[in-house]
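Analysis of the macromolecular model
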Amino acid sequence: MLLYILRRLVSAVSVVIVTLVASFALFFLAPTDPAGVICGPRCTPERLANIRAGLHLDDPALVQIGVYLKGLVVDREFETGGVVRECPAPCLGYSYTLGEPVTKLLAQALPVTLSLVLGAAVVYLAIGIFTGTMAAQVRGTPLDKAVVGTTLVLNSFPYFVFALLVVLYATFLPESGWTSFFENPFSWASGLVAAWVCLGIANAAAYTRYSRASMIEALGQDFVRTARSKGISKNRVVYRHGLRAALTPVATIFGIDLAGQLTGAIFTERIFDLPGLGNLVLRAFGQYDLPVLMGGVLVGSVVLVVMNLIVDIAYTFLDPRVRLG
Amino acid sequence: MSDQTSRVPQTVTRTARTRGGSEEAYLEVTDLQVQFPTADGMVKAVQGLSYSLPLGRTLAIVGESGSGKSVSSMAVMGLHDAKTARISGSIKVGGQQIVGMGEKDLEKFRGSGAAMIFQDPQSSLHPYFTIGDQIMEAYRAHHGVSKSKARTRAIEMLDRVGIPNPKRRVGNYPHEFSGGMRQRAMIAMALVNDPKLLIADEPTTALDVTVQAQILDLIADLQRDFGSAVVFITHDLGVVAEIADDILVMYAGSAIEHGPVEKILGTPLHPYTWGLLESIPALAGEPQPLHPIPGAPPSLLAVPTGCAFHPRCEFRSRVPGDRCTTLKPDLIPRTADTGRASRCHLKDPDQIFQTEILPRLP
């Protein structure tokens, strides 16, 4: 097990590095000149050259990548206009437009996204698994059909339209905004609740369908019939034997979904004005703020490989038949 | 007569050994009907099934897939969902009426009054719970005992069904058991509450032949020790000869022949049973072409009128008039022997068997 995790970590690190190099190539070697972006509209050739030198943009691409990767483990120094700024390792560079180290920006944005996504996960898992399990038990009845129909409608709605509808019509929810949990847990929660409801309900539709399908399959299994033949109560049959088996595939989907949401909650963050990763990256994209974009890519790839690893490890606990090795 | 009885497999002699026990019926099924309404119409899975079984005896229910043998046994366990199955008639187990029993009473009955073992122990055991856990759960469902007491009982049962090193094995998951051991564990779980009726639904079908024999021996042993009645569902006539006292042949939801095993397998009186015997390949002597039953079992949505077997019966012309197609024969004695019954209009089935079928058998 430990050896397996170690092996997976090594492969995870290599995946992250490959992703970084590939996106580095895409961003830094693109035809747009970042120096021009920083320099702005009233740019003098001298200032432009100065910036280019400060960003090492004239160095060969390989050297640039090497410097970037080296910064992950060794402190770097940035010099612009005669001012030297320290960038302690892990250094992901300085934002061109905000003048802040990328690591600091990410560290500010990550808790926002984590709060948003994990809170929403509680909402959609609770609603989805509960409704799905119920619907599976009354399969074929009008109630079940109503549940399936509702999830289908919710799922076919473009998410941004759904989110806008929530903002426009769910005005009874407290105004959204970001406050750190450690500053004031109450404002933290009240500022996020609208976003939780929105992201939660939109995903609850999908989780209702996963849970329903998974539960129907589980309840049709031979071992459920065995459980019934033992004379244990119906609730015990459904929840201990059925749900236990039904949750395993749902947990897998959840792990992958969570990784996707941590890096892709852009709509929710934008619409509810939360300064999370999505907003940070989106802003950086508009302003050609390459170091921040690269930081976003790094966080995204790390989250994805880590979540994959967690799902695989969790599986050994969920299903005793699975052995890692 | 002597040449017929010698044709029966040698193992039938064991039935003489297990024979005995009280003649009072522990399980009594009377005019059982099980139907499932579907979008295509009413599936008549079991029609007018009646049989009884005293303690200490084994009844084999034989038939093709879809003949109603499993469905009727599920009804005995009260396992059909009241929402999807229409059940009428009477099923009495130890004096208790199962048909129409409430869910709470059924829970009390299942596992303690009657228990069931299933075809595929791989899929019938929960993959995420340990063997011990599953046996303990069955025990604790009917006995208010502590976990450690239940565990002791589980270990005792595993030991009883021949699992080596049960103290360690009790903590294993089903996938850590071999196929035969899983079925032993299933049997341990079924018998943990000492039920007086055990229903075994093709318990050896998913196992390889050597393990099959061990499981059959185990069931026979346990039956003797526990003095229980056993319903053994199978389509393997070799297994029937091995384990059963009585045999009930089912076709299209009805019993078509019922009686002591050596008589039914020795001198069957129904053309369907003849067909079953003729479909067994000979393992010794010159290879001979098999004589299978033509056609396919009928759909339970539209069971043929009259005798359900008539479209496939090669002796239909022997019955005068159109009785085979219009009148369903009763399950009654057809010869001087009142201990057996069959559902066929033929006038002299024993004669046809002696002169026409027997020479064809391998």
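Residue positions within a chain follow its written sequence, with the count starting from 1. The order in which chains are written sets their letters, starting at A; the order in which ligands are written sets their numbers, starting at 1. Only residues with pLDDT of at least 70 are given local features in this predicted model, and only at 80 or more are side-chain atom pairs given and counted; all residues enter the totals for whole chains, interfaces and linings. Excluded from the side-chain calculations are hydrogens and water; all other atoms, namely the structure's heavy atoms, are used.

So, the overall build of chain B
So the rule is basically this: Going along the chain from the N terminus, every DSSP run of H or I of four or more residues is numbered as a helix, and every run of E of two or more is numbered as a strand. In this treatment the radius of gyration is a C-alpha quantity, and the globule benchmark scales as 2.2 Å times the residue count to the 0.38 power. Whether two residues touch is decided by their heavy atoms; if any such pair falls within 4.5 Å, the residues are in contact. For accessible areas, the Shrake-Rupley method is used with a probe of radius 1.4 Å. Any residue's cover is judged against the shown protein chains and nothing else. A residue counts as positive if it is Lys or Arg and as negative if it is Asp or Glu; His and the chain ends are not included. Every charge is mapped to an atom, namely NZ of Lys, CZ of Arg, CG of Asp or CD of Glu.
Broken down by element type, chain B carries 15 helices and eleven strands. Computed over its C-alpha atoms, the radius of gyration of chain B comes to 21 Å, within 12% of the 21 Å expected for a compact globule of 362 residues. Across its three principal axes, chain B shows a C-alpha extent of roughly 70 × 50 × 40 Å. Counting only contacts in chain B whose residues sit at least 6 apart along the sequence, the fraction spanning at least 24 positions is 68%. As displayed, chain B offers around 15400 Å² of accessible surface, 52% of which is attributable to carbon and sulfur atoms. Seen as two clouds, the 37 positive and the 39 negative side-chain charges of chain B have centres 5 Å apart.

Focus on the interface of chain A and chain B
Using the following cut-off: Once two parts are put together, the accessible area they lose, assessed with a 1.4 Å probe and summed over both, is termed the buried area. Salt bridge, as applied in this entry: a Lys or Arg side-chain nitrogen positioned within 4 Å of an Asp or Glu carboxyl oxygen. In protein, a polar contact means a hydrogen-donor-capable atom and an acceptor-capable atom, both N or O and within 3.5 Å, with residues adjacent in sequence counting only if both atoms are side-chain atoms; elsewhere, any N or O pair within 3.5 Å suffices. Under this grouping Gly is polar, as are all residues other than the nonpolar Ala, Val, Leu, Ile, Met, Phe, Trp, Tyr, Cys and Pro and the charged Asp, Glu, Lys and Arg.
Counting residues at the interface gives 21 residues for chain A and 27 residues for chain B. Both sides of the chain A and chain B interface together cover about 2400 Å² of buried area, and 55% of this is carbon and sulfur. Summed over the shared surface of chain A and chain B, the number is four salt bridges. Where chain A meets chain B, there are 15 residue pairs in polar contact (both at pLDDT 80 or more). If you list the elements that add at least two residues to the side of chain A that touches chain B, you get helix 9 (222-229) and helix 10 (234-264) of chain A. Classifying every residue of the side of chain A that touches chain B gives five nonpolar, six polar and ten charged.

Re the layout of surface pockets
Condition: Whether a set of points on the 1 Å grid over the protein atoms alone is a cavity depends on a 1.4 Å probe fitting there but being unable to get out, while an open set qualifies as a pocket with protein on both sides within 12 Å along at least five of seven lines; lining residues are those with an atom within 4 Å of a point. Grid points are joined across faces, edges and corners, and a volume is the space filled by probe spheres set on the points.
Estimated volume of the largest pocket: approximately 1200 Å³. If you go around the largest pocket, you meet 40 residues; those closest to its centre are A:Arg228, B:Leu79, B:His80, B:Asp81 and B:Thr84. Counting only elements with at least two residues in the lining of the largest pocket, the list comes to helix 5 (102-137), helix 8 (185-219), helix 9 and helix 10 of chain A together with helix 3 (69-76), strand 4 (86-93) and helix 4 (103-109) of chain B. Split by residue class, the lining of the largest pocket holds 20 nonpolar, ten polar and ten charged.

Re the environment of A:Ala227
Residue and element names in this part refer to chain A. By secondary structure assignment, the location of Ala 227 is in helix 9. Taking C-alpha positions, Ala 227 is 24 Å from Asp 144, a pair spaced 83 residues apart along the chain. Those residues in contact with Ala 227 that lie beyond four places of it in its chain are Ile 232, Val 237 and His 241.

With respect to the environment of B:Gly63
Residue and element names in this part refer to chain B. Mapped onto the secondary structure, Gly 63 falls in the loop between strand 3 (58-62) and helix 3. In this structure, the C-alpha to C-alpha distance between Gly 63 and Asp 236, residues 173 residues apart in sequence, is 9.0 Å. Aside from chain neighbours lying at most four places away, what touches Gly 63 is Lys 69, Thr 234, His 235, Met 250 and Tyr 272.

Let's talk about the sheet that holds strand 5 (residues 96-97) of chain B
Residues and elements named next belong to chain B. So the rule is basically this: When DSSP finds two or more bridges between a pair of strands, those strands are recorded as paired. Each axis is a line fitted through C-alpha atoms, taken for helices only over the stretch in contact, and angles between the N-to-C directions span 0 to 180 degrees.
Strand order in the open sheet formed by four strands is 2-1-4-5, and the pairing between neighbours is antiparallel. Each having just a single partner strand, strand 2 (41-54) and strand 5 make up the two edges of the open sheet. For strand 1 (residues 25-38) and strand 4, the ladder comprises seven bridges, and the chain directions are antiparallel. Paired with Leu 27 across the strands is Val 93, a residue of strand 4. Here helix 3 sits on the sheet in contact with strand 1, strand 2 and strand 4, set at roughly 115 degrees to strand 1.

Details of helix 10 (residues 209-226) of chain B
Defined as follows: What a helix is expected to span follows from its residue count: subtract one and scale by 1.5 Å.
In a regular helix each residue adds 1.5 Å, so 18 residues correspond to 26 Å; helix 10 of chain B covers 26 Å between its end C-alpha atoms and thus fits that length. Downstream of helix 10 of chain B by a residue or two, B:Gly227 has a phi angle that is positive, lying close to 60 degrees.

Topic: the confidence of the model for chain B
Going by this rule: On a range of 0 to 100, pLDDT expresses the predictor's confidence in each residue.
Put simply, chain B has an average pLDDT of 88, and 93% of its residues get 70 or more. This model gives residues 1-21 of chain B a pLDDT under 50, and the stretch forms 36 contacts once residues within four places in sequence are excluded.

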